[in-house]
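Each chain, letter by letter, is given below.
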Amino acid sequence: MNRPLKIDLRHSTCPHDCPSACALDIEVIENERIGRVRGSKQQTYTAGVVCAKVARYAERIHHPDRVIHPLRRIGPKGSGPFARISWDEAMDEIADRFDDAERDFGAQSVWPYYYAGTMGLVMRDGINRLSHVKKYSRFYSTICATIAWVGYAAGTGKVAGVDPREMAQSDLIVIWGTNPVNTQVNVMTHATKARKERGARIAAVDVYDNDTMKQADIKIILRPGTDGAFACGVMHVLFRDGFADRAYLDKYTDCPDELEAHLATRTPEWASAICGVPVSEIEAFAHAVGVTPRSFFRLGYGFTRSRNGAAQMHAALCIPAVTGAWQYEGGGAFFNNGAIWNFDKTLIEGRDHIDPSTRALDQSKIGRILTGDAEALYHGPPVKAMLIQNTNPYTVAPEQKLVHEGFAREDLFVAVHEQFMTETAQMADIVLPATMFMEHDDLYYGGGHQHISVGAKLIEPPGECRSNHEVLQALAVRVGARHRAFDMTAREIIDETLNASGHGGIEGLEADIWRDLQPDFRTSHYLDGFAHDDGKFHFKATWGTVKVPINTLMGDWQNMPSLPDHWNVIENADAEHPFRLATSPSRGFLNTTFNETPGSQAREGAPSVMIHPDDAARLDIHDGDAVTLGNTRGETTLTAKLFNGVRLGVLIAESIHPNKAHIGGLGINQLTGAHAVAPHGGAAFHDNKVWIRKAQAAG
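Residues numbered from 1 in each chain as written. Predicted model: local features only at pLDDT ≥ 70, side-chain atom pairs only at ≥ 80, totals over all residues. Heavy atoms only, no water.

Here's the deal with the overall build of the protein chain
Move 1: In terms of helices and strands, the protein chain carries 24 helices and 25 strands.
Move 2: By the compact-globule yardstick of 27 Å for 699 residues, the protein chain fits well, its C-alpha radius of gyration being 25 Å.
Move 3: Structurally, the protein chain occupies a C-alpha span of about 70 × 65 × 60 Å along its principal axes.
Move 4: Across the protein chain, contacts joining residues at least 24 apart in sequence account for 75% of those joining residues at least 6 apart.
Move 5: Accessible area of the protein chain: about 24,500 Å², with a carbon and sulfur share of 49%.
Move 6: The distance from the centre of the 70 positive side-chain charges to the centre of the 85 negative ones in the protein chain is 2 Å. (Helix = DSSP H or I, 4+ residues; strand = E, 2+ residues; numbered from the N terminus. Rg over C-alpha atoms; globule rule 2.2 N^0.38 Å. Contact = heavy atoms within 4.5 Å. Areas by Shrake-Rupley, 256 points an atom, 1.4 Å probe, with all protein chains shown as cover. Lys, Arg positive; Asp, Glu negative; His and termini not counted. Charge placed at Lys NZ, Arg CZ, Asp CG, Glu CD.)

Below is the structure:
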């Protein structure tokens, strides 16, 4: 009875939808449970720091409310009652319903749907193999990164940049379009190191005085969707006041003279009228950048949440090219390292079986798709059956009114593979219990840094939980999907993928624990030329031909501004909708992951919306009042929080709370749209016009 517990320290990688992909040191207790989770000091980007929600991971993985057995719905959709069934019963029923849909409506009436609940390549992307082999409707991923990716690549030619650890060697770190205190804490690790060791300053550019801005030396609060105007005003000053590096511009950029002429009318006064930033702050920011060669622009995913986000990302990225900051250690820009991995995912995704004639349905338009919108369905058959992994669209997808109507269809069969009974799972016909990342093997990369790693299975899952790969294997047998990856273990797939990608095998990567793939200094800083064919940084974007692994042109891409500008296609406020709403990420939740953990629930409390005190006074709204927000897409009711860290006419709702947590049961994504954002699609979650008023008393 007095034997001390056997505690081993093992390593893994955080799989959640965050660019940090933190390296973890995990206490494994008696080979059965986990204890403390820490950021590993052995990996130089994580550098021993991890966010609070992952540090508390034991409360999630050992949560008493985990789904641990297959379940079948026994009442009306969404009513709640489920009965336990066997795995064979569950998989047989899913296969039968998929086969029925295929027989009656064609294979494309089946739509496997997923996203980034895990960023592991095998468990996230393997579902595509089922779609490709069976010729089911394919999945076009638009809900997160496409807008910002193309905006960055329009300038550099590819999505890669300066080693993010170089923030620690910078004299000015500009954190723009991201709130890393909430969403990727390791950015702050390296930025604050520069401040402590070099006296560097931190500048934050965002739409409200968030937790990152509270740690910044320079604070720029914009109106949502106006980053391009601010960037142009800054560059006007850089040219006007002699801070443009003419020699760098002539050698490394495509049209500096044309840019300077274009910016002549984009004065700080012009920019201020659009973005709300006082002229004096625009001037001061420009001078701070201009006198600081080692200026590091850490650009984030906020750009990918607006209808003009690609143009905004490109405009912000142009600033360090004007100053020549790319030449210096600690200078230049970084968004994501997507171009450096070169993973061959043929085996994982079954790319050798892709039929390009099958439609690729837009993830963001799930509401329109499930309610029979002919354009969203590409004038093909209705979606009659779905398998959903790694995502919770009933809460997180835009146009929630349509999403809810679609999931309520009695003729739609839905199987959800999940860890908890999410709101999407509650609408399912079959719910399957899913493993968490410490309970299976997978392969990871860090979008926000430069490391790849194998996350090995550390403990056995509870109950009857199975991994995504195991579910796909079982379903493939039943629906006649033949591919050799369905006959392989996850470790075998990882090993072959690594070898095919030129990274050696799984044992070598496991021996390294985390492998650093950062390109050399000259490559990372584009000192031998940028990745466009002419070797230049492009101030003039050619939106229809930007080289990114996305090829579906959407929206009004032909009318995007080629030179940096404010592209006024945002959902501007009007008389009926006098406020602009952004649904920014919270600190305790990660999308809807961690909605169920006590620590995150305690931190976030009930859903609320930030409103400027002057706006609130005009509307007779007081702190703590129940207020309703609405637009043509829907309404939601939550609590007002008076806050002077936003511009007048701007509302901020840190999300995502479950629908049921909102007063009346309708969540914030009732208000967000699924408009096709140029040039390659995306969901403009921070780009909404709304009205706000006191909620009417019940009864």
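Text resumes after the structure shown.
A closer look at the packing of helix α3 (residues 87–105) against helix α19 (residues 468–479)
Move 1: One can describe the packing of α3 onto α19 by two numbers: an axis separation of 9 Å at closest approach and a directional angle of 55 degrees. With respect to α19, the element α3 is oriented oblique. Both α3 and α19 take part in a crossing whose hand is right-handed. Across from Trp87, Asp88, Met91, Asp92, Ile94, Ala95, Phe98 and Asp99 in α3, the residues of α19 making contact are Val471, Ala474, Leu475, Arg478 and Val479.
Move 2: Class assignment of the residues belonging to the contact of α3 with α19 gives a composition of 9 nonpolar, no polar and 4 charged. (Axes fitted to C-alpha atoms, helices over the stretch in contact; angles between N-to-C directions. Parallel < 35°, antiparallel > 145°, perpendicular 65-115°, else oblique. Left-handed = near helix turned anticlockwise from the far one by under 90°. Nonpolar A, V, L, I, M, F, W, Y, C, P; charged D, E, K, R; others polar.)

Some points on the pattern of salt bridges
Move 1: If you walk through the whole model with that rule in mind, you get 48 salt bridges.
Move 2: One salt bridge connects Arg60 with Glu596, and the closest N-O pair in it is separated by 2.9 Å. In this pair, Arg60 sits in helix α2 (residues 58–61) while Glu596 sits in the loop between β20 (579–582) and α23 (598–604), placing the two residues 536 residues apart along the sequence.
Move 3: For Arg60, a relative accessible area of 4% corresponds to the buried category.
Move 4: The partner of Arg72 in a salt bridge is Glu93, and the shortest N-O contact between them spans 2.8 Å. Residue Arg72 is found in strand β4 (residues 71–73), and its partner Glu93 is found in helix α3; the two are separated by 21 residues along the sequence.
Move 5: On the accessibility criterion, Arg72 (27% relative accessible area) is partly exposed.
Move 6: Residues participating in the shared-partner salt-bridge network are Arg124, Asp125, Lys345, Glu349 and Arg351. (Salt bridge = Lys/Arg side-chain N within 4 Å of Asp/Glu carboxyl O. Buried < 20%, exposed > 50% of the residue type's maximum accessible area, 1.4 Å probe, protein only.)

A look at the nonpolar core
Move 1: Ranked by size, the top nonpolar core spans 176 residues in total, and within it Phe98, Trp176, Phe230, Phe285, Trp326 and Phe539 carry the most contacts.
Move 2: Take this core: its biggest share by element is 10 residues, from helix α14 (residues 309–323).
Move 3: One finds Val37, Val50, Met436 and Leu458 within the second-largest nonpolar core, a separate group that totals 22 residues. (Core = buried A, V, L, I, M, F, W, Y, C linked by side-chain atoms within 4.5 Å.)

A word on the packing of aromatic side chains
Move 1: Throughout the structure, instances matching the rule amount to 22 aromatic pairs.
Move 2: With 5.8 Å between their ring centres and 90 degrees between their planes, Phe98 and Tyr136 make a pair best called edge-to-face. Note that Phe98 is positioned in helix α3 and Tyr136 in the loop between α5 (127–134) and β7 (138–140), a separation of 38 residues in sequence. You'll find Phe98 and Tyr136 in the same group, each marked buried.
Move 3: A ring pair is formed by Tyr301 and Phe335, whose centres lie 4.9 Å apart and whose planes are at 50 degrees; its orientation type is tilted. Of the two residues, Tyr301 sits in the loop between β11 (295–299) and α14 while Phe335 sits in the loop between β12 (332–334) and α15 (346–349), which places them 34 residues apart along the sequence. Each member of the pair, Tyr301 as well as Phe335, carries the same accessibility label: buried.
Move 4: In this structure, Arg60 is placed above the aromatic ring of Phe594, and the distance from its NZ or CZ to the ring centre is 5.5 Å. (Phe/Tyr/Trp six-rings, centres within 6.5 Å; stacked < 30°, edge-to-face > 60°. Lys NZ or Arg CZ within 6 Å of the ring centre and 35° of its normal.)

A look at the sheet that holds strand β14 (residues 385–389)
Move 1: Ordered in space as β5-β4-β16-β15-β14-β6, the 6 strands form an open sheet in which the pairing is mixed. Looking at the sheet topology across the chains shown, the edges are occupied by β5 (82–84) and β6 (110–114). Geometrically, the sheet is characterised by an average inter-axis angle of 20 degrees between neighbouring strands, direction not taken into account.
Move 2: Of the strands in this sheet, β6 and β14 touch α5, which is tilted by about 160 degrees from β6.
Move 3: α19 rests against β14, β15 (413–418) and β16 (430–433) of the sheet, and its axis sits at about 155 degrees to β14. (Pairing = 2+ DSSP bridges.)

Points about the sheet that holds strand β19 (residues 514–516)
Move 1: Across the sheet, 3 strands lie side by side as β17-β18-β19; this open sheet has antiparallel pairing. Where the open sheet ends on each side, the last strands, each with one partner, are β17 (442–445) and β19. Taken over all neighbouring pairs, the strand axes of this sheet differ in orientation by 20 degrees on average, direction set aside.
Move 2: The pairing of strand β18 (residues 451–455) with β19 spans 3 bridges and is antiparallel. Note on β19: the bridge partner recorded for His451 is Asp516.
Move 3: Here helix α20 (residues 490–500) sits on the sheet in contact with β17 and β18, set at roughly 40 degrees to β17.

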